[in-house]
Amino acid sequence: MTEPKVHIVDDDEAMRDSLKWLLESHGLEVELYASGDAFLAAFNSNFRGCLVLDVRMPGMNGLDLHSQLQARHSTLPVIFITGHGDVPMAVSALKKGAVDFIEKPFNDLDMLRLIQSCLSQDSAAAAARAESESVAQRLQRLTQREREVLALIVAGKLNKQIADELGISIKTVEVHRSRVMEKMGANSVAELVQLALRSHG
Amino acid sequence: MMPNAAVGVFIVSMIVLVWLLQTREFDQQMAALARDVQWAEQTLRLHLQGDREFLQELAHEASDGQLASARFKDRSAQYLAINPHLSRIDWIDADKSIREAVTAASAVHEAGGPLAHPEQLEGFLALHGLDRPVYTKAYSSSHFGPSFEILVPVRRGPDFMGAMVAEYTVSGILGYLVPAWFSEKYHLALSGEGGQLLAQNAVAHPRNEDLDYSLDFDPPGNGVQMHVTAYRTDTSFAKELPILLIAGLSLLVVWSLWSLRNNLARRIRAEDALRAESHFRKAMEESMPTGMCAIDMHGHITYVNAAFCNMVGYAPQELIGAAAPYPYWSPEDQAQHARTLQRTLAGEVPRGGIESRLRRKSGGLFDARIYEAPLVDASGRQAGWMASVHDITEQRRARAELEASHQRFMTVLDGLDAAIYVASLDADEILFANKAFKNIYGYDAVGRNCWQVTSACHPDPARFIAAARQLAPHQTPLELHEAELQNGLNGHWYQLRERAIQWVDGRVVRMEIATDITDRMKMQELNSQQLERLQQTSRLITMGEMASSLAHELNQPLSAIANYNMGCVNRLQAKDFRPEELLAAMQKASVQAERAGKIIRRVRDFVKKSEPNRGPVQIAEIIEEVIGFAEIEARKAGVRVSISISPELPAAFADKLMIEQVVLNLVKNGIEAMHDTPRKARELAIRARANGKDFIEVNVADRGHGVLVETAEKLFTPFYTTKPEGMGMGLNICRSIIEFHHGRLWTVANPGGGSVFSFTLPVNSL
């Protein structure tokens, strides 16, 4: 897990440098890339934070880079910087899942607000991802019989019905049930069901 | 053939004859030789016989005992004195001792001595059983050279009592026994057994080895041989005379035969040539369209040719022998014909011939021109007159037609607005000028020097006259030169076209057609003024388009400045800064401010309005400025721009801003054309180089969608566009601008995709 950073991709050196200067004044970590290729070369799925992309660049432009990242299942939020008259381009970028766009020249506060929201979105997503991962790990710890019992609990069956269905005694079902609750870390049946559904959803 | 064979046979028979003569001569000589030799041999034998008889006489006396020594010596000495060929006479006893010896010269042989030579002894021993004399073999005596002996036995009854011996010297035999005339004539040699030479008479003369005779000399025999060879006699003139005569006569005959042969060949050739000539004349006479008619001194027709008969329609036999009035005289002109004939017979012949009207047998009349020439026979006396008759009816008609057509031609040429004249190429003399030409340059133009006459308006002759003078008639007609010039006299503009044509007399001449294009020129001027106005409009349109790009480009430095600035503000507010950090950021901000300033300056330069102002401009400079301007757009569209400019490219004569506009337009079009091209292939190549020595060519090549051949021309028409938001004025104006500069703008497909737009500009020649 790496530290959240603002990744900036822009071909104009002055633009890059000045943005870094500005964002650092707000206490943000900034990483600069001169082109989409340079960013892709450095990219891995552990990247945290957000990506600020210039739409118009020679070689790979901002939109191209965005699609490439989506192809790699990146969840990094993306902000596009557009120039005058690039609005249609920005709209299509939004449709493809970018967080927002900002038109040059921009107010530094607007930019900051956008970046902040992106960063929090990213950390929330990261937390959710972490929880779903832990549920999955807990499910792994269940035995075959416990998993069958869990499935029937989630389906809303009563202990008696579960015992009939699996051909075991009610007592045994109760033992399995308490084991499942313990292993999954659930305090109630409702919580258990929520956890189970999240792991499948 | 025959003369050759005759000459050959003659030469062979002469050779055989001479050979026969020679052979006969040789045979005669051989016979004479044999006769002489036999005679000589006979003489020798007689001598030898005489010697034997003398010795036998001595032997006889000795056997009777009558011979005393004194008598032997007396007789022998006497005999030796008259027979010099003998060297010695000996009396030998039976015991082989020499009893008595008499020698011709100083005595060597002592009486009582033994026999000196083995040959003597051999001969002596041979005598014993014989009753006849014996000759010894030849031996070499110390005093007398080769010698031999005759031995005659002395017997009393059966008793052998010795021998009488005489010694012959071979040289003595040759010197004394052979007569002088024989020695003069022949070479005589004696050879002994085995062929060794014993003696020979003096070699006085060269020998003729062909005339040679050999025989055994017997007695003495014993293998002695006599060889006789004739001396080569001096060839006497008298003897050779017949042969020389024969040879001389033969040469004479051969020469005469040869010249006869040549003469014959010449004659045959001459006959052939005569025959050919006669056929040729006949054919000429038959084919000639000119009628020939001869009359004698009295006016009787003596000859007519086929053409004449065809002309008048009479057969030759109807005409020959006829006297005046001839049947072909036209009845109404009889009197005139008669007068003409009288004059002709009197010798008054007009040099240019006489034109007269003749009548055909069928009744039709025709015009003829008749030339008379005196007919002179082989002896040089005039025998009559030869008339050549030409039917000139057709000729007259053709001439009339030609005149009419010439008249029409002149009417047409004079009716033309274009001024036309024809001048010779060698002297530049005006041969013909039409009315329009004369109206400008005066009616006395024909015959004068064309350059003087047209000095107010003519192209530079140096550019085509030299080439025109090289032309052969079959290479005409040929366009030589074309120019548009203003006439200094009337201020009109003319399009001058120089052509080489073949003149009526066959030589190559130059024709100039000057078309008045004043109105067209005025229209053109008007058009270019309009275009200029249009172009100003277009410049404004282009500016509007560019403004959007510029705004975008300006965002870049402005945003950067704002960022640097706010970064500084934030740090200052938070009181969390290092001064050098702030300084660096502010310096960076001012660099960006400068960048924005440059962009704005470029816009100002572009917008600056100015009148067309042509002057020397460097194409490289123009391209550089346009690229400085267009690179924003190129970058935006992801297009790489490559520039290649030939080194030492001369300056163009152009309005810098206008050409910048053209280049910018082409560059923009190229960039836009590559909208759908894969990014990697987006390349715009700009190239400038010399086109000939008078023009500079600029190409702008893109890798875009290209231009279809059928739309290539439409591209340049107003209001045609392939762009959704285009007005269709760009390329049209570009072309107008380039044409205003006397250049050319065109497009071709780019090999490998896309299109190339090119234009030319004149080189600055000021």
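Residues numbered from 1 in each chain as written. Chains lettered and ligands numbered in written order. Predicted model: local features only at pLDDT ≥ 70, side-chain atom pairs only at ≥ 80, totals over all residues.

The subject of this paragraph is the interface of chain A and chain B. Between chain A and chain B, the residue contacts involve 20 residues of the former and 23 residues of the latter. Per-element tally for the side of chain A that touches chain B: the top contributor is helix H1 (residues 13-24) of chain A, with seven residues. Its residues placed into classes, the side of chain A that touches chain B shows eight nonpolar, seven polar and five charged. (Contact = placed C-beta atoms within 7 Å. Helix = DSSP H or I, 4+ residues; strand = E, 2+ residues; numbered from the N terminus. Nonpolar A, V, L, I, M, F, W, Y, C, P; charged D, E, K, R; others polar.)

The next point concerns the nonpolar core. Counting residues in hydrophobic clusters, the biggest one holds 43 residues, and the most contacted among them are B:Ala163 and B:Met164. Non-local contacts of B:Met164, meaning those with residues more than four positions away in its chain, are made with B:Leu55, B:Leu58, B:Ala59, B:Trp91, B:Val152 and B:Val154. Counting residues in hydrophobic clusters, the runner-up holds 40 residues, among them A:Val52, A:Val78, A:Met111 and B:Tyr564. (Core = buried A, V, L, I, M, F, W, Y, C linked by C-beta atoms within 7 Å. Buried ≥ 20, exposed ≤ 12 C-beta atoms within 10 Å, placed from the backbone.)

Another aspect to go through is the confidence of the model for chain B. Here chain B shows a mean pLDDT of 82. Residues at 70 or above account for 91%. With pTM at 0.33, the complex prediction returns an ipTM value of 0.72. (pLDDT = per-residue confidence, 0-100.)

This part covers the confidence of the model for chain A. Summarising the model, chain A shows a mean pLDDT of 83, and 96% of its residues fall at 70 or more. Looking across chain A, the model is least confident in helix H9 (residues 189-200) of chain A, with a mean pLDDT of 74, and most confident in strand E2 (residues 30-33) of chain A, with 92.

Once that is clear, we can look at the sheet that holds strand E26 (residues 745-749) of chain B. All names here are of chain B. Across the sheet, which stays open at both edges, the five strands sit in the order E22-E24-E25-E27-E26 with mixed pairing between neighbours. Both outer strands of the open sheet, strand E22 (640-645) and E26, are each paired with one neighbouring strand and no more. Between one strand and the next, the sheet's axes are offset by a mean angle of 20 degrees, whatever the strand orientation. For strand E25 (residues 695-701) and strand E27 (residues 755-762), the ladder comprises seven bridges, and the chain directions are antiparallel. Among the inter-strand pairings, Val698 is bridged to a residue of E27, identified as Phe759. Most of the contacts of helix H16 (residues 619-636) go to E22, to which it runs at about 175 degrees, and overall it touches E22, strand E24 (683-691) and E25. (Pairing = 2+ DSSP bridges. Axes fitted to C-alpha atoms, helices over the stretch in contact; angles between N-to-C directions.)

Turning next to helix H8 (residues 170-184) of chain A. Residues and elements named next belong to chain A. With 15 residues, H8 should cover 21 Å at 1.5 Å per step; its first-to-last C-alpha distance of 21 Å lies within 8% of that length. Turning to H8, its buried residues are Val173, His176, Val180 and Met184. With its buried residues spanning 65 degrees around the axis, H8 presents them on a single face. When the buried face of H8 is taken as reference, the exposed residues oriented beyond 90 degrees from it are Lys171, Ser178 and Glu182. Just beyond H8, the residue with positive phi is Gly185, at close to 70 degrees. (Expected span 1.5 Å × (residues − 1). Arc of directions from axis to C-beta.)

In this section: unusual backbone geometry. Residues and elements named next belong to chain B. Positive phi values are uncommon outside glycine, yet Asp428 reaches one of about 55 degrees. Topologically, Asp428 is positioned in the loop between strand E16 (419-424) and strand E17 (430-433). A positive phi angle, near 65 degrees, is found at His742, a position not held by glycine. Position of His742 relative to the elements: it lies in the loop between helix H19 (730-740) and E26.

Residue and element names in this part refer to chain B. The strand order across the open sheet built from four strands is E8-E7-E10-E9, with neighbouring strands paired in antiparallel fashion. The two strands at the open ends of the sheet, each matched to only one other strand, are strand E8 (197-200) and strand E9 (207-216). Along the sheet, successive strands turn relative to each other by an average axial angle of 25 degrees, direction set aside. Where E9 meets strand E10 (residues 225-231), six bridges bridge the pair, whose relative direction is antiparallel. Each residue of the ladder has a partner; that of Tyr213, found in E10, is Val228.

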